[in-house]
Amino acid sequence: SVLTPDKEVAVFADREMPQRFALHGNRPNPFNPFTTISFTLPEPGKAELTVYDITGRKVRELVSGRLSAGTHSVVWDGCDEAGKPVSSGVYLSRLRFGSQTATGRMALVK
């Protein structure tokens, strides 16, 4: 797992060598109360995975740090940075790796 300030987020890695940078999205979608966001990094490096609400407000940073090359999966529990459950709605996941960025849509249904 990857430790981040005030919280622990589980990150699972598949060491098989990937071909390219990709955000695979989340499963299940829509979700309640948990969803797993998967992504692939072509080489080791600093990655950031952040959840935003539909207005662009930052909800929670799930990953910020150096990760190995490979496919990674992160579980989001539908809570914000303070650990409070967020409301039903559409949320965006943004993955940044070097100069590359990918965005996905997630729907939380309560």
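Conventions used here
Residues numbered from 1 in each chain as written. Predicted model: local features only at pLDDT ≥ 70, side-chain atom pairs only at ≥ 80, totals over all residues. Heavy atoms only, no water. Helix = DSSP H or I, 4+ residues; strand = E, 2+ residues; numbered from the N terminus. Buried < 20%, exposed > 50% of the residue type's maximum accessible area, 1.4 Å probe, protein only. Contact = heavy atoms within 4.5 Å. Areas by Shrake-Rupley, 256 points an atom, 1.4 Å probe, with all protein chains shown as cover. Phe/Tyr/Trp six-rings, centres within 6.5 Å; stacked < 30°, edge-to-face > 60°. pLDDT = per-residue confidence, 0-100.

### Considerations on the overall build of the chain
Summing up its helical and strand segments, the chain has zero helices and ten strands in all. What you see in the chain, going N to C, is helices and strands ordered as β-β-β-β-β-β-β-β-β-β. In the chain, buried positions account for 44% of the 110 residues. Once local pairs closer than 6 in sequence are excluded, the contacts in the chain between residues at least 24 apart make up 54%. Total accessible area computed for the chain in this model is approximately 6100 Å², and 51% of it derives from carbon and sulfur atoms.

### Here's the deal with the packing of aromatic side chains
One pass over the full model with this rule turns up three aromatic pairs. A ring pair is formed by F21 and F97, whose centres lie 6.3 Å apart and whose planes are at 15°; its orientation type is stacked. Of the two residues, F21 sits in the loop between β3 (11-14) and β4 (22-27) while F97 sits in strand β9 (residues 89-97), which places them 76 residues apart along the sequence. The residues F21 and F97 share a single accessibility class, namely buried. Seen from their ring centres, W76 and Y91 are 5.6 Å apart, and the 70° between their planes marks the pair as edge-to-face. Linking W76 in strand β8 (residues 70-76) with Y91 in strand β9, this pair joins segments that are 15 residues apart in sequence. Taken individually, W76 and Y91 each receive the classification buried, so the pair is uniform in this respect. Site record: aromatic cluster; members linked through ring pairs are F31, W76 and Y91.

### Some details on the confidence of the model for the chain
Averaged over every residue, the pLDDT of the chain is 88; residues scoring 70 or more account for 83%. Per-residue pLDDT, averaged within each element of the chain, yields its smallest value for strand β1 (residues 2-4) (41) and its largest for β9 (98). Low pLDDT, under 50, characterises residues 1-7; the stretch is placed with 14 contacts to residues that sit more than four places away or in other chains.

### Section: the environment of R20
If you trace the backbone, R20 turns up in the loop between β3 and β4. Since its relative accessible area comes to 57%, R20 is described here as exposed. Separated by 49 residues in the primary sequence, R20 and A69 place their C-alpha atoms 9.8 Å from one another. Ignoring any residue separated from it by four or fewer positions in sequence, one finds R20 in contact with T40 and P42.

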